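So you can see what is in the structure, the chains are spelled out below.
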2 protein chains.
Amino acid sequence: MNTELRFIGRIETPYETLDACPKNIRPDGPPCALVLEPDYAEYLTGLEVGQEILVLYWFEDVDRSLALQRRFGAPEGPLLGTFALRSPNRPNPIGIGTLTIQGIDGNRIEIRGMDCLNGTMLLDIKPAMGPDKLASIPPVGS
Amino acid sequence: MNTELRFIGRIETPYETLDACPKNIRPDGPPCALVLEPDYAEYLTGLEVGQEILVLYWFEDVDRSLALQRRFGAPEGPLLGTFALRSPNRPNPIGIGTLTIQGIDGNRIEIRGMDCLNGTMLLDIKPAMGPDKLASIPPVGS
């Protein structure tokens, strides 16, 4: 079985240092983009402007061995298990965000308000649906 | 940089064949469990019964090279890009579900209604929050 990750592209954001990165995705944040490797452009067929997508990406330079850690911004808070937190320091440092497609041009998807470093490696794009999708979406079938 | 996936445990479901697997997670589905490797039990500290979690897992025996495919159950439908579909056949076959914790006992989390094979490899558990967290939207197709 092949469980090797394939990097499908990079995420363009305004953030060049971890300190500059916001701690959460913001729908009204600055313009960002998902830039796929050219071979993957065809994989976007059928995605549309305005559609909500789940974006999976890989956090670099993290500690993958922490069982317990404190919540970000709570240096005096309790130690919590890594799986009870959204910290990027985790055994498999996969980030997940729900974003709205602002534009698509070939292998490039425009989005807003990502929370990661410029150049972050992209793992997957999926349509948000069912339990991933926000409450404000129109009913299924509309 | 180490981008190797670490398998943190397995998912117990009633499904031993792909044909038996439901196509979506169902909150009212049969009992299932996330069984972590013993070394990861401490990573669950702070998770609580009733809490919603995102579960990431790895689909085995899939085709990772499909640019275009048809929607499941639509053999006459249009060819769509893999990133416009939730198909497990994708470059990085990572499944994502939002589940409610029904019980926790050591390294074991009881949940309901997973959609994957018994023994599926577990990659991550995160608290659902913000745009991941759901109101009680039924799965598409339910």
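See the structure above.
So, a few notes on the structure that sits alongside this text.

Parameters at a glance
- Residues numbered from 1 in each chain as written.
- Chains lettered and ligands numbered in written order.
- Predicted model: local features only at pLDDT ≥ 70, side-chain atom pairs only at ≥ 80, totals over all residues.
- Contact = placed C-beta atoms within 7 Å.
- Helix = DSSP H or I, 4+ residues; strand = E, 2+ residues; numbered from the N terminus.
- Pairing = 2+ DSSP bridges.
- Axes fitted to C-alpha atoms, helices over the stretch in contact; angles between N-to-C directions.
- Core = buried A, V, L, I, M, F, W, Y, C linked by C-beta atoms within 7 Å.
- Buried ≥ 20, exposed ≤ 12 C-beta atoms within 10 Å, placed from the backbone.
- Least-squares fit on C-alpha atoms with pLDDT ≥ 70 in both.

**Section: the interface of chain A and chain B**
Put simply, an interface is often sized by how much accessible area is lost when its parts join up. Between chain A and chain B, the residue contacts involve 44 residues of the former and 46 residues of the latter. Secondary-structure elements contributing two or more residues to the side of chain A that touches chain B are strand S3 (52-58), strand S5 (79-81), strand S6 (94-100) and strand S9 (120-127) of chain A. The element that contributes the greatest number of residues to the side of chain A that touches chain B is S9 of chain A, accounting for five residues.

**Digging into the sheet that holds strand S2 (residues 31-36) of chain B**
Residues and elements named next belong to chain B. The strand order across the open sheet formed by seven strands is S6-S3-S9-S1-S2-S8-S7, and the pairing between neighbours is antiparallel. Only two strands of the sheet have a single neighbouring strand rather than two, namely strand S6 (94-100) and strand S7 (103-105). Taken pair by pair, the neighbouring strands of this sheet meet at an average axis angle of 30 degrees, ignoring direction. In this structure, S2 lies alongside strand S8 (residues 108-112), joined through five bridges in antiparallel fashion. Within S8, the residue paired with proline 31 across the bridge is arginine 112.

**Let's talk about the nonpolar core**
Leu34, Tyr57 and Leu123 of chain A together with Leu34, Tyr57 and Leu123 of chain B are the most contacted members of the largest nonpolar core, which totals 60 residues. Sequence-distant contacts of tyrosine 57 of chain A, that is, excluding residues within four places in its chain, are made with Ile11, Gly95, Cys116, Thr120, Met121, Leu122 and Leu123 of chain A.

**Details of the sheet that holds S3 of chain A**
Residue and element names in this part refer to chain A. In space, the seven strands of this open sheet follow the order S6-S3-S9-S1-S2-S8-S7, with antiparallel pairing throughout. Both edges of this open sheet fall to S6 and strand S7 (103-105), since each of them pairs with a single strand only. Shown here is a sheet whose adjacent strand axes are inclined to one another by a mean of 30 degrees, direction ignored.

**Here we look at the relation of the copies chain A and chain B**
After a rotation of 180 degrees and a shift along the axis of 0.0 Å, chain A superposes on chain B with an RMSD of 0.0 Å. Both copies are brought into coincidence by an operation consistent with a two-fold rotation axis. Interface residue correspondence from chain A to chain B reaches 98%, placing this contact among same-surface, isologous pairings.

**Examining the environment of leucine 5 of chain B**
The topology assignment puts leucine 5 of chain B in the segment before strand S1 (9-12). Residue leucine 5 of chain B is classed as partly exposed on the basis of its 17 C-beta neighbours within 10 Å. C-alpha separation for the pair leucine 5 of chain B and leucine 123 of chain B, spaced 118 residues apart in sequence, amounts to 7.6 Å. When sequence neighbours within four positions are dropped, the list of residues in contact with leucine 5 of chain B reads Thr3, Leu5 and Asn92 of chain A together with Leu123 of chain B.

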